[in-house]
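One-letter residues, chain by chain:
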Amino acid sequence: MDQVEVFKALSNKTRLQILNWLKSPAANFPDQPNADFENVGVCVGQIQIKSGLSQSTISEYLSILQRAELINSTRVGQWTYYKRNEAGFEALGKLINQEL
């Protein structure tokens, strides 16, 4: 886990909101017809709609979160789904407790 990448990812209000939404996807997003939240995640289109930002901005934000190992993506057909990487959050907790 790269400390700079993680803290860069966490330094943006919208990226923090996305992580918060993905923590409880069923409470924050409408049902998805082709994938369940627990196994696959949330469709990038739903994240984009909820945020109110452009597709390109959301794609960049999700890419930053993925490089920081805070989310994972799954491709299903033409759609990409995202969910939190709980192992990444465990590593972040250890990083903070042991190194900072």
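Residues numbered from 1 in each chain as written. Predicted model: local features only at pLDDT ≥ 70, side-chain atom pairs only at ≥ 80, totals over all residues. Heavy atoms only, no water.

- Labelled according to an unreviewed UniProt entry, the protein appears under the name Transcriptional regulator, originating from Pedobacter paludis.

## Focus: the environment of D31
Right, on to step 1. Mapped onto the elements, D31 comes out in the loop between α3 (25-28) and β1 (42-43).
Right, on to step 2. With a relative accessible area of 72%, D31 lands in the exposed category.
Right, on to step 3. Along the chain, D31 and Y81 lie 50 residues apart, while their C-alpha atoms are 13 Å from each other. (Helix = DSSP H or I, 4+ residues; strand = E, 2+ residues; numbered from the N terminus. Buried < 20%, exposed > 50% of the residue type's maximum accessible area, 1.4 Å probe, protein only.)

## Remarks on the pattern of salt bridges
Right, on to step 1. Per the stated rule, a full pass over the model turns up 2 salt bridges.
Right, on to step 2. For E5, the salt bridge goes to R67, with nearest N and O atoms at 3.8 Å. You can see E5 sitting in helix α1 (residues 3-9) and its partner R67 sitting in helix α5 (residues 55-67), a full 62 residues away along the chain.
Right, on to step 3. Among the residues examined, R67 registers a relative accessible area of 42% and is labelled partly exposed.
Right, on to step 4. For the salt bridge of E86 with R84, the shortest nitrogen-to-oxygen distance reads 2.9 Å.
Right, on to step 5. With a relative accessible area of 43%, E86 lands in the partly exposed category. (Salt bridge = Lys/Arg side-chain N within 4 Å of Asp/Glu carboxyl O.)

## Quick word on the sheet that holds strand β2 (residues 71-76)
Right, on to step 1. The strand order across the open sheet built from 3 strands is β1-β3-β2, with neighbouring strands paired in antiparallel fashion. The outermost strands of the open sheet, each flanked by one partner alone, are β1 and β2.
Right, on to step 2. Inspection of the sheet shows β2 paired to strand β3 (residues 79-84) by 6 bridges, in the antiparallel sense. Residue pairing for β3: T74 is matched across the bridge by Y81. (Pairing = 2+ DSSP bridges.)

## Description of the UniProt feature "domain: HTH arsR-type" (unreviewed entry) in the protein
Right, on to step 1. The positions UniProt marks with the feature "domain: HTH arsR-type" (unreviewed entry) are residues 1-100.
Right, on to step 2. Along residues 1-100, the helical share is 57% and the strand share 14%, with 14 Å between the first and last C-alpha atoms. (UniProt positions renumbered as here; feature names shortened; annotations may be inferred.)

## What about a nonpolar patch on the surface?
Right, on to step 1. Taken together, the side chains of F7, I96 and L100 define a hydrophobic patch exposed on the protein surface, amounting to about 280 Å² of accessible area.
Right, on to step 2. Looking at the secondary structure, you find I96 in helix α6 (residues 86-99). (Patch = residues over 30% accessible without salt bridge, like charges linked within 9 Å, V, L, I, M, F, W, Y side chains within 5 Å. Areas by Shrake-Rupley, 256 points an atom, 1.4 Å probe, with all protein chains shown as cover.)

## Details of the nonpolar core
Right, on to step 1. The biggest cluster of nonpolar side chains holds 22 residues, and the ones touching the most others in it are I18, I47 and L62.
Right, on to step 2. At the level of elements, α1, α2 (13-23), α4 (44-51), α5 and α6 are the ones that each hand at least two residues to this core.
Right, on to step 3. Each residue touching I18, except ones within four places of it in the same chain, is listed here: I47, I58, Y61, L62 and L65. (Core = buried A, V, L, I, M, F, W, Y, C linked by side-chain atoms within 4.5 Å. Contact = heavy atoms within 4.5 Å.)

## A look at the environment of E5
Right, on to step 1. You can call E5 partly exposed: its relative accessible area is 22%.
Right, on to step 2. With 41 residues separating them along the chain, E5 and Q46 place their C-alpha atoms 25 Å apart.
Right, on to step 3. Once residues within four sequence positions are removed from consideration, E5 is found in contact with R67 and A68.

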